[in-house]
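# Observations on the model geometry
Now for the letters of each chain:
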Amino acid sequence: MEKSRLGRTNLLVTRLGWGGIPIQRVNGEEAVSVIRAVIEMGVDLLDTARGYTNSEHRIGLALQKTDRSVILSTKSPVRTEKIYNEVQTSLKEMGVKNISIYHLHAVNHFQDYEKVMGTGGAYEGLRRARDEGLIDYIGITSHNLKVLERAIEDGYFDVIMACYSFLEPDAAEKVFPLAKARDIGILAMKPFSGGLIEEAGPALRFVLSTPDIVPIPGSESLEKARENWEIFTKGYSLTKKDKEYIEILRKEMSQQFCRRCDYCQPCSEKISIQHILGLKTIVRRFGSVTDELDWFQSLIEKARNCSECGDCLPRCPYELPIPKLIRENLAWYDQWLEENKKKRAQL
Ligand code: SF4
Ligand code: SF4
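Here goes a summary of the coordinates provided. Please read these numbers as outputs of a predicted model, since none were measured by experiment.

## Some points on the side chain of Lys190
As for its placement among the helices and strands, Lys190 is situated in the loop between strand 9 (185-189) and helix 8 (200-208). For Lys190, which is buried and forms no salt bridge, the nearest opposite charge comes from Glu168, at a distance of 7.6 Å. Non-local contacts of Lys190, meaning those with residues more than four positions away in its chain, are made with Ile21, His143, Cys163, Tyr164, Ser165 and Arg259.

Listed below in structure tokens is the structure:
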């Protein structure tokens, strides 16, 4: 199976890593068995975060059940040197004495970047952890490619993590070549664009066809984990069908699509912004009974209360015009609802 050298860390990594977001959604026993299976399959880089609730802990439990060694990658959003305490919590949660890569998590704005790199900033905390041997390498994750370009140019990081999928391919233009030229390791997150891409084949074959990056798709079920592994091991040049699927989905999604990162939260009206911006996907998935679902009705009711206060706007790393998109999605939904009722009446 193909391995990739993770830049100047010199770590040799199986080219398919694993991401620890989805594992939060299943019960503990299932989570541990999926993580264990993923490791036994041959995945040797597991990525998680302090912010992914029980994910670090579950990884720790799975590690107790296998002899295979893995490269651990985790992250914290703490912006000051107190991130050092976060490193210690991560070590405790995962039951290990050392973590390979520790990232500054979601440094999406230059303001944050200045803070983490300044005196008393999080970078200093991670450097202390590295000097004490608690971690080996320091990484940075961001949804903002400009911030990543700056981080690469400044040269303090061993690894960067960027969003990359066929719906969000921009990192391949400048960020990846720049990182490669500086011998910085590249981890690629969100190969399914946060769930917007439903077919694993085209999604994974697309990211895997880009050399020198390690994608980290998550999986909460054995079935999903096996499917991803099979795609990886069977070779990944894009098929004609893949290309057609990619073209259709790219056309369907405008550039203004929500990546479901939830950075825009909290909303004072408790609107689940990512779900409202993804209304069409929900309606497609649940079909004609969507409007009868209680949780869906409550989602729509709350969205109708959007006061257009704009508090969410500066928090979205993609600069989406959230209130406008909420309005547009609700208008689309109302039209769908009317047509759906007419169809039902005719039955
Ligand atoms: S503009 Fe609407 S969605 Fe955004 S925070 Fe205000 S109420 Fe919530
Ligand atoms: S609106 Fe922006 S911040 Fe909120 S979930 Fe979508 S992409 Fe993320």
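## What to know about the packing of aromatic side chains
We describe a pair of aromatic rings using the distance from one ring centre to the other and the angle between the two ring planes. The full count for this structure, using the stated rule, is 11 aromatic pairs. Between Tyr164 and Phe176 the ring centres are 5.0 Å apart and the planes differ by 70 degrees, which places this aromatic pair in the edge-to-face class. In this pair, Tyr164 sits in the loop between strand 8 (159-163) and helix 7 (175-181) while Phe176 sits in helix 7, placing the two residues 12 residues apart along the sequence. Ring centres 5.8 Å apart and planes at 25 degrees place the aromatic pair Tyr333 and Trp336 in the stacked group. Note that Tyr333 and Trp336 are positioned in helix 14 (residues 322-346) at a spacing of 3 residues, about one turn of the helix. Judged by relative accessible area, Tyr333 falls into the buried class, the value being 4%.

## With respect to the nonpolar core
Residues Leu46, Leu104, Ile140, Ile160 and Phe166 are the most contacted members of the largest nonpolar core, which totals 75 residues. The dominant element in this core, judged by the number of residues it contributes, is helix 1 (residues 28-41), at 7 residues. In this structure Leu46 touches Trp18, Ile35, Val38, Ile39, Ile59, Val70, Ile71, Leu72 and Ser73, once residues within four positions along its chain are discounted. Counting 39 residues, the second largest nonpolar core, distinct from the first, contains Val13, Met189, Leu320 and Leu330.

## Structural notes on the pairing of strand 5 (residues 71-76)
Residues in a regular strand point their side chains to alternate faces of the sheet. For strand 5, a buried count of 6 out of 6 residues is recorded, marking the element as mostly surrounded by other parts of the structure. Residues Ile71, Ser73 and Lys75 point to one face of strand 5 and Leu72, Thr74 and Ser76 to the other, with burial holding for every one of them. Pairing analysis gives 3 bridges linking strand 4 (residues 45-47) to strand 5, with the strands arranged parallel. In the strand pairing of strand 5, Leu46 is matched with Leu72. This β-α-β element, strand 4 to helix 2 (residues 55-63) to strand 5, shows right-handed connectivity. Sheet analysis places strand 5 next to strand 6 (residues 99-104), joined by 4 bridges and oriented parallel. The residue bridging Ser76 from the neighbouring strand is Leu104, located in strand 6. Considered for its hand, the β-α-β crossover made up of strand 5, helix 3 (residues 83-94) and strand 6 is right-handed.

## Observations concerning a nonpolar patch on the surface
The grouping of Phe286, Val289 and Trp295 at the surface amounts to a nonpolar patch, some 280 Å² of accessible area in total. Looking at the secondary structure, you find Val289 in the loop between helix 12 (279-286) and helix 13 (294-303). When its relative accessible area of 40% is taken as the criterion, Val289 is described as partly exposed.

## Some remarks on unusual backbone geometry
Going from Gln265 to Pro266, the amide bond is cis rather than trans, its omega being 5 degrees. Note on placement: Pro266 falls in the loop between helix 10 (240-252) and helix 11 (273-277). At Ala106, a residue that is not glycine, the phi angle is positive and equals roughly 55 degrees. Examined against the element boundaries, Ala106 turns out to sit in the loop between strand 6 and helix 4 (110-117). Positive phi, close to 65 degrees, is recorded for Asp212, a residue that is not glycine. Along the chain, Asp212 turns up in the loop between helix 8 and strand 10 (214-215). Judged by relative accessible area, which is 36%, Asp212 ranks as partly exposed.

Conventions we followed
Here the residue index of a chain counts from 1 through its sequence in written order. Whichever chain is written first becomes A and whichever ligand is written first becomes 1, with later ones labelled in order. Local features in a predicted model are, by the rule used here, given only for residues with pLDDT of at least 70; side-chain atom pairs are given and counted only at 80 or more, and totals for whole chains, interfaces and linings are based on all residues. Only hydrogens and water are removed before side-chain values are computed, so all heavy atoms of the structure are retained for them. Helix and strand assignments come from DSSP, with helices taken as H or I runs of at least 4 residues and strands as E runs of at least 2, each series counted from the N terminus. Throughout this description, buried means an accessible area under 20% of the type-specific maximum (1.4 Å probe, protein chains only), exposed means over 50%, and partly exposed covers the range between. Note on charges: Lys and Arg go in the positive column, Asp and Glu in the negative column, and His and the chain ends are not counted at all. Just to be clear on terms, a salt bridge is a Lys or Arg side-chain nitrogen sitting within 4 Å of an Asp or Glu carboxyl oxygen. Here, residues are in contact when the closest pair of their heavy atoms is within 4.5 Å. Here a Phe, Tyr or Trp ring, Trp counted by its six-membered ring, pairs with any other such ring whose centre lies within 6.5 Å, and the pair is stacked when the planes are under 30 degrees apart, edge-to-face when over 60, and tilted otherwise. Among buried residues, the Ala, Val, Leu, Ile, Met, Phe, Trp, Tyr and Cys ones that are joined through side-chain atoms within 4.5 Å form a nonpolar core. Pairing between strands is defined by DSSP: at least two bridges between them are needed. Look down the strands so they point away from you; if the path from the first strand over the helix to the second goes clockwise, the crossover is right-handed. Candidates for patches are residues over 30% relative accessible area with no salt bridge; among them, like charges are joined within 9 Å and nonpolar side chains (Val, Leu, Ile, Met, Phe, Trp, Tyr) within 5 Å. Values of accessible area rely on a 1.4 Å probe in the Shrake-Rupley scheme; residue burial ignores everything except the protein chains shown.

What is shown is where atoms sit, not what they do.
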